[in-house]
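Structural overview
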Amino acid sequence: MQQCARHVLRMTDTLTFRRPDDWHLHLRDGDMLRAVAPVTAAHFARAIVMPNLVPPVVCGEDAAAYRDRILASLPAGSSFEPLMTLYLTETTDADDVAAAAASGLVKAVKLYPAGATTNSASGVRDFDKVRAVLERMAEVGLPLCVHGEVTDPDIDIFDREAVFIDRVLDPLRRATPGLRCVLEHITTSNGIDYVKSAADGLGGTITAHHLIINRNHLLVGGIRPHYYCLPVAKREEHRLALRAAAVSGDARFFLGTDSAPHADAAKETGCGCAGCFTAPNTMSCLAHVFEEESALEKLEAFASLNGPLFYGLPANDDTITLQKDNEPVVYPAKIETGEGPLTVFDPGFDLYWRVA
Ligand code: DOR
Ligand code: ZN
C-alpha cells in the first residue's frame, strides 16, 4: 500500500489473485466475434464458449472450426483459451460427443430448452430423445450446462427458473445419476437453494449483472433494453440471495458472465434481444460488489478457483491485479463492431476498481 505522492487522499488498494476464467460466455461469430473476443481475452484466461450460433455448434467438427475462428480473432500473442461446448439437439450423436470430449476439444454440452432464449430453436423439447447422450456424458464425466427456464406459455416469466428446477432439472438429474450439471446464470434464491441441496456434481454460475440489477432497474422509470437478459432479473430478495452465494466462497458457485453482445439496433427496438454485454467491466463490477459485501478476499474463489475445480482443470498460474483508484474508472459506453455500436453494461454507479 502506498500513499498518493502529492495529496494525501485514500491509500491505493490493490488486489492480486489468480487470473479469472469465464464459465459462460457468448462470443458470436464474424464481425462481432472479432470485436468482443479481445475484450474477454484482456482479463480472462479461459472461457466456456456458448454454442448458440446460427447455425448452432452441434458436433465436434463444428466446435473445432469455431475454435479456430475464435483463435484467429485474438490479438497476436494472446494465450486466451476457448473451452468449447456442443449444442444439445434431439439428434445429437452420443459417439460424436464422447469423441469430442475424449480429444479434449469439448468441455461441456449445452442444454437449451427449445424456445427458451436467443437461438434456442434447435434445443430440446422431448427429454427422452436426449437420454442416451446424457447417459454417455455421465459415463465420460462431461458436464451439462443448463439454461434453466421452462418455456410453457402458462408459466410467468419470473417463475420460469423455479419451475424448471422442479419440472425438468431435478427429474433429469435423478434419471441420470452421475451426470455433472451446471445451473447457469442463476437468478433466484430457488436456484441457489437447489445447487446447495446437492452434495456433489451440481454447480451454479452467477453473472456480474444479476448481482447488481433487479427487475426494478429494468422496468421502473422507463424500459432499459440493455438490462434485458434471460433469465430476466428478478426481485430484490433474489438478487440478495445471489450476492450471498457469490461471496460465500462456497465452491459450488462460480463466475459465468453470460456476456451476450447484441448490437444496439437489435436491443433498442420493438422486440429487443436478450443479453447484457459485460465483458469489459465484469471484474470492476465484481470487485465493487465483493467490497460492498466486505468479502474481497472471496473474489478469487468465485472468479478464479471454484470454476476450474468443478471442471477438473487447474487454476491459472498467472495473476490479475485490480487497483482501486480515487477517480472512477472510465469505460467506453459503447464499443464499435462491424455490426454497429454495442452498448457496454452500465452498473448505474461509478466503478473504482480497475484491472491494472
Ligand atoms: O440474455 C441472454 N442472452 N440469455 C441467454 O440465455 C442467451 C444470451 C444470448 O445468446 O444472447
Ligand atoms: Zn448465455
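**Digging into the pairing of strand 5 (residues 106–111)**
Most of strand 5 is tucked away, with five of its six residues classed as buried. Two strands pair when backbone bridges link them, and strand 4 (residues 81–87) and strand 5 are joined in this way by four bridges, in the parallel orientation. In the sheet register, Leu-86 faces strand 5, and the bridge partner there is Val-109. The parallel pair strand 4 and strand 5, bridged by helix 3 (residues 94–102), forms a crossover whose chirality is right-handed. Here strand 5 runs beside strand 6 (residues 144–146); their pairing, made up of three bridges, is parallel. Across the sheet, residue Lys-110 finds its bridge partner in strand 6, namely Cys-145. What joins strand 5 to strand 6 is helix 4 (residues 131–140), and the crossover it makes is right-handed.

**Side note on the coordination of the zinc ion (ligand 2)**
Within the first shell, the zinc ion (ligand 2) binds the protein through His-24 (NE2), His-26 (NE2) and Asp-258 (OD), at distances of 2.0 to 2.1 Å. Mapped onto the sequence, the donors of the zinc ion (ligand 2) take the spacing H-x1-H-x231-D. Residue His-24 is located in strand 2 (residues 22–25), and its partner Asp-258 is located in the loop between strand 9 (253–255) and helix 10 (264–267); the two are separated by 234 residues in the primary sequence. Across this residue pair, the class does not change: His-24 and Asp-258 are buried.

**Quick notes on helix 11 (residues 282–292)**
Here helix 11 lies mainly inside the structure; nine of its 11 residues are buried. Looking at helix 11, one finds that the buried residues are Thr-282, Met-283, Ser-284, Cys-285, Leu-286, Ala-287, His-288, Val-289 and Phe-290. Immediately beyond the C-terminal end of helix 11, within one or two residues, lies Ser-294, with a positive phi of roughly 50°.

**A few points about the packing of helix 3 against helix 4**
Here helix 3 crosses helix 4 at 25°, and the two axes come no closer than 9 Å. Classed by the angle they form, the pair helix 3 and helix 4 counts as roughly parallel. For the pair helix 3 and helix 4, the crossing hand works out as right-handed. Contact residues: helix 3 offers Ala-94, Asp-95, Val-97 and Ala-98, while helix 4 offers Ala-132, Val-133, Arg-136 and Met-137.

**Let's talk about the pattern of salt bridges**
Enumeration over the complete set of coordinates arrives at 18 salt bridges. A salt bridge links Arg-18 to Asp-317; the shortest N-O distance between them is 3.8 Å. With Arg-18 in strand 1 (residues 13–18) and Asp-317 in the loop between helix 12 (299–311) and strand 10 (319–324), this pair connects stretches of sequence that are 299 residues apart. Given the relative accessible area of 73%, Asp-317 is considered exposed. Taking the shortest distance from any N to any O, the salt bridge between Arg-239 and Glu-236 comes out at 2.8 Å. Of this pair, Arg-239 and Glu-236 are both found in helix 9 (residues 236–247), three residues apart, which corresponds to roughly one turn of the helix. When salt bridges with common partners are traced through the structure, they connect Arg-243, Glu-292 and Glu-293 into a single cluster.

**Observations regarding unusual backbone geometry**
In this structure, the amide linkage connecting Val-54 to the following residue, Pro-55, adopts the cis form with an omega of -5°. Going from Leu-230 to Pro-231, the amide bond is cis rather than trans, its omega being -5°. Looking at where Pro-231 falls in the secondary structure, it is placed in the loop between helix 8 (215–219) and helix 9. With phi around 60°, Arg-28 is a residue other than glycine that occupies positive phi space. Inspection of the secondary structure puts Arg-28 in the loop between strand 2 and helix 1 (30–43). Judged by its relative accessible area of 14%, Arg-28 is buried. Positive phi, normally seen in glycine, also occurs at Asn-119, with a value near 50°. With respect to the secondary-structure elements, Asn-119 resides in the loop between strand 5 and helix 4. Among the residues examined, Asn-119 registers a relative accessible area of 33% and is labelled partly exposed.

What counts and what doesn't
- Residues numbered from 1 in each chain as written.
- Chains lettered and ligands numbered in written order.
- Predicted model: local features only at pLDDT ≥ 70, side-chain atom pairs only at ≥ 80, totals over all residues.
- Heavy atoms only, no water.
- Buried < 20%, exposed > 50% of the residue type's maximum accessible area, 1.4 Å probe, protein only.
- Helix = DSSP H or I, 4+ residues; strand = E, 2+ residues; numbered from the N terminus.
- Pairing = 2+ DSSP bridges.
- Right-handed = clockwise from strand over helix to strand, strands pointing away.
- Donors = N, O, S within 2.8 Å, 3.2 Å for Na, K, Ca; no water.
- Axes fitted to C-alpha atoms, helices over the stretch in contact; angles between N-to-C directions.
- Parallel < 35°, antiparallel > 145°, perpendicular 65-115°, else oblique.
- Left-handed = near helix turned anticlockwise from the far one by under 90°.
- Contact = heavy atoms within 4.5 Å.
- Salt bridge = Lys/Arg side-chain N within 4 Å of Asp/Glu carboxyl O.

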